[in-house]
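# Analysis of the macromolecular model
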Amino acid sequence: MVWGVSAASLALVALLLPGIWIDTGVRWWWLTAALLPVEFGLLLLLLRPLLVLATLPLNAVTLGLPTLLFNGLILYLTAATSRVVNIDNLGYAFLGLVVMTVVNGAVTGWLGIDDVYPFFQTILRRIGLRFGPRARPGQVRGLLILQVDGLSWRSCERALRRGRMPTMAGLRALGTHRLHRWHCGVPSNTPAVQSGLFYGARARLPGYRWYDRRRRRVLVASRAEDLRDAEAEIAGGPGLLAGGSCINSLLSGGAAKRLLTLSALREPDDHRRPGERADFSLFWLSPFAYTSAVTAALWDFLTAVSWNAQARFHPRKRVVRRSLRQAAMRAVGNAFLRETSFFWLAQDVMRGVPVIYSNFVGYDEVAHHAGPDDGEALATLTGFDRKLQKLRRLVRDGAPIGYDVVVLADHGQSASLPLRALGGETLEELVARLAGRVRPVPPPRDNEAVYVGALLAELRDEGPDRRSWLAYQSRLTLERLRDVGPDRDHGAGEGTSLLVCVSGGLAHIYREGAPRPLRLAEMTSLYPGLVEGLASHAGIGFVLARDADGTALMIGRDGVRNLDTGELRGDADPLAPYWDRDLWTGELSALLSHPHAGDLIVNGARLPDRRVVVFEEQLGSHGGLGGPQTEPFILLPAAWGTTRGDLRSPEALYAHLKARLEGGGDAPAS
């Protein structure tokens, strides 16, 4: 089958490129041409080990270009020995190799041939076994955790019904796994939930952006140094991933190997482990992995452009418009990073790493722009499901230890309406109108820009001694592609200014320069009409504030609830729209008690059509309370006997996973 695909791609190249042609006047020309891919493969077989040793560092920083150049030279030499296939020069050989690589990668990746004929993968995996964490002595079972960023239980069920995730549907149908709904709490965003899931504590991350009163500056979870400091404060001991691997994440969980992990980038003592460098470099040497990543990214880019074009002519479809650059960013964040993550996951499984975690971010970002249940967002789940199928096959046939497979989301997404579309002004503009003094805070950066930035940082960290002109050009292309808008707070403003730190449908409002959180009476005295104006606005669900004695108050349009005492004042309970009062009473009170929580905390309203109001330009949102954003899914082995109490919060799920990792090795392999 591989030979047939290669022969067909060679024929296609001869038709497309004038500098590559087949002499049909020679007797048995078709047989000679058909055997050329065999000769080409044999030469690669003999020479690729030399390429692996010679170009390992260079491939890592040039996105695999030496591999393609080397293969083009081999194709040119192979044609030079043939009387039938002719290539005019090395330039055409390289172009022909690019076309053949794209065609072969697309077809073989779709058919799964790279799993059936894993020659190059076997070589690279054997090299990879020399690096990175391994199974502990005597260990027979491990834990493989795959995160689908932003997928709620409700949207997951819808995707399963539509056939978008057949592998997950099969696991549930066979009875080996059960699909649960769990509660991620508030704030419902990745850094807060990962801190609870990895360390059993969320106390230092009240949102995606927050104001540090001691440092007098705004911190943001998309900056490596801010996230690293927050993780250091949270980690009171070994994290869930201690001794394991963490791939494509915000926090590291204490993992021994961290790739594309934001909190681990450019550490002050930046002595990255050899295993991290080796794994990062090996990806660019795999012809199937690299080609699949490039092909998948190109297809995803075209898909994004197509969806955007359809939306422009669909009268009833709402969509956040995206430029070509944003579509390309989506392709890198969704498809390219999905392929790299799978390659590194496969390396870890073959080593028997005791606990492995990887985050797949494509659905979350697409759902922000299109909506959580839109066809464009659900379509991204099919690519993840195919990788899940391959990983299960690898776990079953090639792993040195057994693995329990857990698939989960860190939070969900709720269909949303931007506040500006509802009331004609952003939250910052609303606060400025009510209070008069607001200092602008840089807007949040898209998730895809965060992870593309992590990829760039990994490329830069290879060191100046390993950089080349090609490396410089590759990095320059990605840097131009990346959103480089402001993401840093540039010092303090006037002491009377207010700061509005938005995290989706949740926002913290601070009085800049205040050494401690202010009470409700103080905010009312300093900014008359602010709290009342916010609470009565149609786009605001409730406002959280501290009473004079420090207790938590939940303020709605027609009533106020004391979350700590249960006292209710007014005609309506602002907690009534949220079904589990006990759960959210504790969550909201804990949120307000965070050391870095705002003087006021604002949550978007729930609308009659079940959408929520968001403070960013999004059609699918998370961060606050309301709708499916706090109800992600989790797929767990049925033999675990999971209870509702194990799914009550990230801290409870941390304890459940930790217990299974440390003492639950008798569960059947997944």
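Our structure's up above, just so we're on the same page.
Let me begin by describing the structure that accompanies this report. These numbers were taken from a predicted model, which means no experiment stands behind them.

Definitions and cut-offs
Residues numbered from 1 in each chain as written. Predicted model: local features only at pLDDT ≥ 70, side-chain atom pairs only at ≥ 80, totals over all residues. Heavy atoms only, no water. Helix = DSSP H or I, 4+ residues; strand = E, 2+ residues; numbered from the N terminus. Contact = heavy atoms within 4.5 Å. Phe/Tyr/Trp six-rings, centres within 6.5 Å; stacked < 30°, edge-to-face > 60°. Buried < 20%, exposed > 50% of the residue type's maximum accessible area, 1.4 Å probe, protein only. Lys NZ or Arg CZ within 6 Å of the ring centre and 35° of its normal. Pairing = 2+ DSSP bridges. Arc of directions from axis to C-beta. Polar contact = N/O pair within 3.5 Å; in protein donor to acceptor, adjacent residues only side chain to side chain. Axes fitted to C-alpha atoms, helices over the stretch in contact; angles between N-to-C directions. Parallel < 35°, antiparallel > 145°, perpendicular 65-115°, else oblique. Left-handed = near helix turned anticlockwise from the far one by under 90°. Nonpolar A, V, L, I, M, F, W, Y, C, P; charged D, E, K, R; others polar. Core = buried A, V, L, I, M, F, W, Y, C linked by side-chain atoms within 4.5 Å. Salt bridge = Lys/Arg side-chain N within 4 Å of Asp/Glu carboxyl O.

## Some details on the overall build of the protein
Helix and strand counts for the protein come out as 23 helices and 22 strands. Nonlocal contacts in the protein, meaning residues at least 24 apart in sequence, comprise 74% of its contacts between residues at least 6 apart.

## A short note on the packing of aromatic side chains
Two descriptors summarise a pair of aromatic rings, namely the distance from one centre to the other and the angle between the planes of the rings. Inspection of the entire model under this criterion finds four aromatic pairs. On the numbers, 5.0 Å between centres and 65 degrees between planes, the contact of Phe-360 with Phe-384 is edge-to-face. Residue Phe-360 is located in strand β9 (residues 355–360), and its partner Phe-384 is located in helix α15 (residues 375–397); the two are separated by 24 residues in the primary sequence. Phe-360 sits in the buried class, given a relative accessible area of 6%. A cation over an aromatic ring shows up here: Lys-387 above the ring of Phe-342, its NZ or CZ 4.6 Å from the ring centre.

## Notes on the pairing of strand β8 (residues 257–261)
When a strand is regular, its side chains alternate between the sheet's two faces. Extensive coverage of β8 is indicated by the burial of five of its five residues. Direction of pairing for strand β7 (residues 245–249) relative to β8: parallel, over a ladder of four bridges. Counted as the bridge partner of Cys-246 is Arg-258 from β8.

## Observations regarding helix α8 (residues 166–174)
Regarding α8, the residues found buried are Thr-167, Met-168 and Leu-171. When α8 is viewed along its axis, its buried side chains cluster within an angular range of 100 degrees and face the same direction. In α8, the exposed positions that point more than 90 degrees away from the buried face belong to Pro-166 and Ala-173. Where α8 is buried, its residues touch α7 (153–161), β4 (177–181), α15, β10 (402–408) and β22 (633–637). Gly-175 occupies a position one or two residues after α8 and carries a positive phi of about 85 degrees.

## A short note on the sheet that holds strand β11 (residues 414–418)
Here we have three strands laid out as an open sheet, ordered β20-β11-β21, and mixed in their pairing. Of all the strands in the sheet, the pair left with one neighbour each is β20 (612–614) and β21 (620–621). Inspection of the sheet shows β11 paired to β21 by two bridges, in the antiparallel sense. Each bridged residue has a counterpart across the sheet, and for Ser-414 the counterpart in β21 is Ser-621.

## As for the environment of Lys-257
As for its position among the elements, Lys-257 is in strand β8. Accessibility expressed as a relative area gives 1% for Lys-257, which makes it buried. Remark: the alpha-carbon pair of Lys-257 and Gly-243, spanning 14 residues in sequence, is separated by 8.0 Å. Within polar-contact distance, the side chain of Lys-257 engages the side chain of Asp-348 at 2.9 Å.

## Regarding the sheet that holds strand β15 (residues 540–546)
Within the open sheet, the eight strands sit side by side as β12-β13-β14-β19-β15-β16-β17-β18. Their pairing is mixed. With one partner strand each, in any of the chains shown, β12 (438–439) and β18 (568–570) form the two edges of the open sheet. Sheet topology places strand β16 (residues 552–555) next to strand β17 (residues 559–562); three bridges connect them, and they run antiparallel. Residue Met-554 lies in a different strand from β17, and its bridge partner there is Arg-561. Helix α17 (residues 427–435) contacts β12, β13 (498–503), β14 (506–511) and β15 of the sheet and is inclined by roughly 155 degrees relative to β13. Helix α22 (residues 581–592) rests against β14, β15, β16, β17 and β19 (600–604) of the sheet, and its axis sits at about 55 degrees to β15.

## Topic: the packing of helix α13 (residues 324–351) against α15
Axis separation between α13 and α15 bottoms out at 10 Å; the angle between their running directions is 15 degrees. One finds that α13 runs roughly parallel with respect to α15. Crossing handedness for the pair α13 and α15: right-handed. Between α13, through Arg-330, Asn-334, Arg-338, Glu-339, Phe-342, Leu-345, Ala-346, Val-349 and Met-350, and α15, the contact on the second element is made entirely by Glu-376, Thr-380, Gly-383, Phe-384, Lys-387, Lys-390, Leu-391, Leu-394 and Val-395. In terms of residue class, the contact of α13 with α15 is built from nine nonpolar, three polar and six charged.

## What about the side chain of Asp-580?
Position of Asp-580 among the secondary structure elements: in the loop between β18 and α22. Asp-580 sits in the buried class, given a relative accessible area of 12%. Of note is the side chain of Asp-580, whose polar atom sits 3.1 Å from the backbone nitrogen of Leu-583.

## Quick word on the nonpolar core
Soluble globular proteins tend to bury their nonpolar side chains together. Leu-151, Met-168, Phe-384, Tyr-403, Val-407 and Phe-633 are the most contacted members of the largest nonpolar core, which has 53 residues in total. Ranked by residue count, the leading element in this core is α13, at 10 residues. The residues contacting Val-407, other than those within four sequence positions of it, are Leu-146, Val-148, Met-168, Phe-384, Leu-388, Phe-633, Ile-634 and Leu-635. Ranked by size, the runner-up nonpolar core spans 46 residues in total, among them Val-220, Val-406, Cys-501 and Tyr-510.

## Digging into the pairing of strand β3 (residues 141–148)
The buried count for β3 comes to eight of eight residues, which makes it a mostly enclosed element. Neither face of β3 is left uncovered, since the one carrying Arg-141, Leu-143, Ile-145 and Gln-147 and the one carrying Gly-142, Leu-144, Leu-146 and Val-148 both have all their residues buried. Across seven bridges, β3 lies against β10 in parallel orientation. Bridge pairing in β10 links Arg-141 to Gly-402. Judged from the six bridges that link them, β3 and β9 form a sheet pairing that is parallel. Within the sheet, the bridge partner assigned to Leu-143 lies in β9 and is Val-355.

## Focus: the pattern of salt bridges
Inspection of the entire model under this criterion finds 28 salt bridges. Across the pair Arg-215 and Asp-212 runs a salt bridge whose closest N-O atoms are separated by 3.6 Å. A salt bridge links Arg-213 to Asp-599; the nearest nitrogen and oxygen atoms lie 3.2 Å apart. Here Arg-213 is found in the loop between β5 (209–212) and β6 (217–220), whereas its partner Asp-599 is found in the loop between α22 and β19, with 386 residues between them in sequence. Judged on exposure class, the residue Arg-213 and its partner Asp-599 are both buried.

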